[in-house]
Structures are given as C-alpha cells and as structure tokens.
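# Structural description and commentary
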Amino acid sequence: MKEPTFIMKDHSKNSNVPSIHQSNYQKQVFSFCIKTVSPVHIGCDEVYEPMNFVIDETSETMTVFDSESFIQNLSAKDRLEFSNICKEGSIGSIIKIYRFISKLRPDGRRIGVCPGLVKHYGKTLGLPLNNERVLKNELNKFMIGRTSFLLTTDRPYIPGSAIKGSLRTAYLNHLAESARPQDSKKSQQLERELMQGSFNTDPFRLLKVSDFMPVGPVNSKVVYAVNEKKRRSQYEPKGPYQILEVIPPGAIFTGTITIEQPLEKAKIDRPVDAKTLFQSIRKFFHTEKNLEDKILQSINIPQSPKVPEDALLLRVGRHSGAESMTIAGLRSIKIMKGKGQQSTYEKAATTLWLASPHDKGVQKQALQPFGWVELFKPSAEYETELANLEAQFTDSFMFSRPKGKDQSQRPKPTVEKKAPPTPTEDVWSGAVISWDPGRQQIIATLGTKKAYSAGRDLLPDSMVKSVIQKKKIAKANVTVNSSFKIVKIEPA
C-alpha cells in the first residue's frame, strides 16, 4: 500500500489549500494522514519498569506483562520463592526479582528493542548484589519512557495537542516575519502581540486538532536518546543518555484539523487563515529540516529521509530541537554548562538529541533525528485501504484477546476486505468531566465507564475555568466513539 504525496491543489481562483469538508460558513474541516519520517516520542508520564518486562536476547524484543496476572499464575513453589525475595527489602533483592522474572519468561505484549538495550539488560541482571552505590546508580537509569498510547489497544497515537503546538510555532514564525518584533520581549508577551489576543481572544482557540489515531498494527521500538555536538570536537558530549519508546518511521495515523471562524462577540482580531497556515508550515519546517540536514552532514550523521518540497512537514514530540519550537531571529536558548559553571542563553542550541541503538553515539551512521512527520491529504482510494487495514487489525485484536480456556482451540477467522466501517457513537448524559494535568487529557466518567481526549480543545469555554483552572469536576453530555475517545462535550 503506497500513501499519496500530499500536494496543495487549487480549489478556488486564488487558493492553494487542501480540499475541505465545509459544514457551514463558520467551519472548515480538513482530513489528513500523518506519516512518521523519523522516530517520534511523545511522553505520557508513564514508564516501563524492569518489574514489568523481560528482554529476549535472541529476538531483541521486550515482553511487557501484567504483574498481578504474573503473580496469580505462579506455582506454589515459585510464589514462595518470590515472596521470600520480596521480604528481603534490600536494593540487592530488586536484582534478584529481575532475575526471577527473567528465568520464568512470562508472556505478554512484545516490543522491539535496540541491540544496546539487550546488553544493558544482561549487564543489569549481572550487577553485584553487595554494592549499593552501583546498584542505585544503574537502577535509576534503567527506566524506559513510554510514548503516548491508547488504553484500549496499547497502540501509540499522536495527541492533537502535539500537532497543534507544532502548527502554532510555524504560524508565529510567519507572523513574526512581517511584524519584526523586538527580541527583548518575553515569549508570552511576544505571542500576544503577534496573535493580537490572548486566551479567549487568541485566534488559535478556534483551531481544533483531533488526536491522530493509528491505522493497523502500529508497532513501537525502544531506543536510546543520545546527545551529539553540532560541531566536530575531540570531546564527547556530557549529557546522560535516555531510554525511550518511539514510533518508528513509516507509521500512519489519521485525524482532522478544524478551523472555525469567530463570532462577532468573540473579539478575535486576527483569525487563522487556512491558506496562510499551510503555507507557513511548509516554509518554516522545510527551512529547519534543511538546516538540520546540513549540520548532520557536517558531523557524518545520516540525514532523515527526504520529503518532497511541496509536502507539509511538522515536528512533534520530545527532542524535536529548540529551533523547531521557537521563533527564528528571536531565539534565546538555554545552554547548560559543566558542573559549577553558569548557564548561558544563545541564538541556537549547541547539541542535538538523536535516536541511537546504543547508549553512546559510537555508530554515527545509525543515529537518527527525532520528531519529523509528514502531513498529507489521502485520496478516496487510500482512505478505503486504510479503513480495511484498520478493520483487519480490529478483528485480529479482538480474536487474540483471552476469553476463556478454549480460546486457543478456536479456528482463526478469515479476514475479508471490507468497506470503511461506519463509526459508532454513544451519548453519555450527565457524565462527570475532570482534567488530568499530568497526562494533559480530559476524562469523562459514567458509572464504571471512562473515555478520554488528549488536550482541552473539546472542553466548552464555559467549563474551562472550573475544570482546568480550579480543578473541579463538572457534569456534561459527552459523545463517545467505540474506541472510548471523547468526540464532543456539551454542558448538561
């Protein structure tokens, strides 16, 4: 299946924006696909801990399992041994627990891991039990940051808030080119001036970006994030490595971008223009990628894959680079110095964070920049292919879920090519709405059921102050789809 390259086409006399679904004169809805061009990590404040996974050296995979089920399925002998280890309560006993779990090889969800992590895991299992200082140091470093994921299928997804932040950066850069503001202003003051509004009068409050949902079996991989200097040096960068779960290049996600026009009483002086928005995306991120590619080439590190000049590039997630999140010509980037030295502020960062198969960037040809994605408009034929792929995944996923002892005896169903499924939605009347500041998501609760939405864009203005700022709960009528994602919120 080959995705079409996104090309801006003329749909009116002086327009080069993509085709839209226009429900009325106040709203434009753009359907898009996102394809990852380089590894992407979007944090969700969750980690994989060695208590919940084992790594297989041969297949280079990490098996993530449920701790409660693991303990319940232990034999009486193994449960006694496990209990005795836990009772020790020492740092060394943590390594014993890791070894115990690794020996039993529990079953679970599998994720690919880089070669360096396989060696790292083996080294951790072999740590001496009597050296607490070494144990503390190594165990603190062996945490794997998890990328944003769907609770229903554990597949990664791209929150709309991450896309919206990227769009905003490009748009601000466009506005700054003509306004030429002073660089002495603070970032919030500068944004208010460029947007000619703040909070309720900020034009980007009328830009709604859905979560971009995975299509088919989107897999993830665990890699290292390492720091590399932008200029050749005889000294290695001193930044410690990180271990992150990433979405590898080539994954496809679908979602929408909606641009609403303000009502007269909204007092928004500079509403977002679709044509200007898409042009600013193309110009800003292509410029930043070309600059980054030149830097990578100068230090013998491969560039991320080329994309057509007319494609819409975005950069999202962690380690996207300070330059891709700030306004060109007005940057003030904090540069961390060595121990005992005071930090400074510069116009450009001096290092790059890159995805690596090892905890040090010794294999320069294997390093990759983080965060590049391509935004494109799918053709009708391609949308049908994506719908079929997602339907096959859904059937396979539902079949693989354990439903009883006879599950393994059931014949595997034959998956036929289907027409795009009709999405099903349900309205939860009087659901309780709350805000999770850690994950930056809205939670709707009705009895024992829960639904979620990343970001706060779906929250009505009348509920923002109470739910977000005062952290109170509120009741609303909530439209929820079959994946337990919030589609719409209306005050009860």
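All values reported here derive from a predicted model rather than from experimental measurement.

### Side note on the overall build of the protein chain
Secondary structure assignment for the protein chain yields 10 helices and 23 strands. Burial statistics for the protein chain: of 492 residues in total, 44% are counted as buried. Put simply, 72% of the contacts in the protein chain that link residues at least 6 apart link residues at least 24 apart. For the protein chain, the exposed surface amounts to about 26,500 Å²; the carbon and sulfur share of it is 50%.

### Looking at the pattern of salt bridges
This model, assessed by the stated rule, comprises 15 salt bridges. Arg109 serves as the salt-bridge partner of Asp154, at 3.7 Å between the closest nitrogen and oxygen. Residue Asp154 is found in the loop between strand S7 (144-147) and helix H6 (160-179), and its partner Arg109 is found in strand S6 (residues 109-113); the two are separated by 45 residues along the sequence. In this structure Asp154 comes out as partly exposed when scored by relative accessible area, which is 31%. Arg109 sits in the partly exposed class, given a relative accessible area of 24%. Between Arg146 and Asp154 there is a salt bridge, with its nearest N and O atoms 2.9 Å apart. With relative accessibility at 9%, the residue Arg146 sits in the buried group.

### Side note on the nonpolar core
Grouped together as the largest cluster of nonpolar side chains are 43 residues, with contacts concentrated most on Ile163, Leu167, Phe212, Leu277 and Ile281. Among the secondary structure elements, those contributing two or more residues to this core are strand S2 (27-36), H6, helix H7 (187-195), strand S8 (207-209), strand S12 (252-260), helix H8 (274-298), strand S13 (312-315) and strand S18 (372-376). Considering every element that reaches this core, the biggest residue donor is H6, with 8 residues.

### A word on the side chain of Thr147
Here Thr147 lies in strand S7. Judged by its relative accessible area of 1%, Thr147 is buried. Among the polar contacts made by the side chain of Thr147, one reaches the main-chain amide nitrogen of Ile42 at a distance of 3.0 Å. With residues near it in sequence (within four places) discarded, Thr147 still touches Val40, His41, Ile42, Cys44, Pro156, Glu245 and Ile247.

### Quick look at the sheet that holds strand S21 (residues 449-454)
One open sheet holds the 5 strands; their spatial order is S21-S20-S19-S22-S23, and the pairing between them is antiparallel. Pairing within the sheet leaves two strands with one partner each, and these edge strands are S21 and strand S23 (486-491). The average undirected angle you get between the axes of adjacent strands in this sheet is 40 degrees. Across 5 bridges, the pairing between strand S22 (residues 474-481) and S23 is antiparallel. Counterpart to Val478 in the pairing with S23 is Ile489. Against the sheet, helix H10 (residues 461-469) makes contact with strand S19 (425-436), S22 and S23, and its axis sits at roughly 45 degrees relative to S19, the strand it touches most.

### Digging into the confidence of the model for the protein chain
Caution applies to low-pLDDT regions: their predicted coordinates should not be interpreted in detail. Taken as a whole, the protein chain shows an average pLDDT of 81; of its residues, 80% reach a score of 70 or greater. Mean pLDDT per element in the protein chain: strand S1 (residues 21-24) is the minimum at 44, and strand S11 (residues 242-246) is the maximum at 95. With pLDDT under 50 throughout, residues 2-17 is counted as low confidence; its partners more than four residues away or in other chains account for 43 contacts. Within the model, pLDDT remains below 50 along residues 403-418, and this stretch shows 15 contacts once partners closer than five positions in the same chain are excluded.

What counts, and where the lines are drawn
Residues numbered from 1 in each chain as written. Predicted model: local features only at pLDDT ≥ 70, side-chain atom pairs only at ≥ 80, totals over all residues. Heavy atoms only, no water. Helix = DSSP H or I, 4+ residues; strand = E, 2+ residues; numbered from the N terminus. Buried < 20%, exposed > 50% of the residue type's maximum accessible area, 1.4 Å probe, protein only. Contact = heavy atoms within 4.5 Å. Areas by Shrake-Rupley, 256 points an atom, 1.4 Å probe, with all protein chains shown as cover. Salt bridge = Lys/Arg side-chain N within 4 Å of Asp/Glu carboxyl O. Core = buried A, V, L, I, M, F, W, Y, C linked by side-chain atoms within 4.5 Å. Polar contact = N/O pair within 3.5 Å; in protein donor to acceptor, adjacent residues only side chain to side chain. Pairing = 2+ DSSP bridges. Axes fitted to C-alpha atoms, helices over the stretch in contact; angles between N-to-C directions. pLDDT = per-residue confidence, 0-100.

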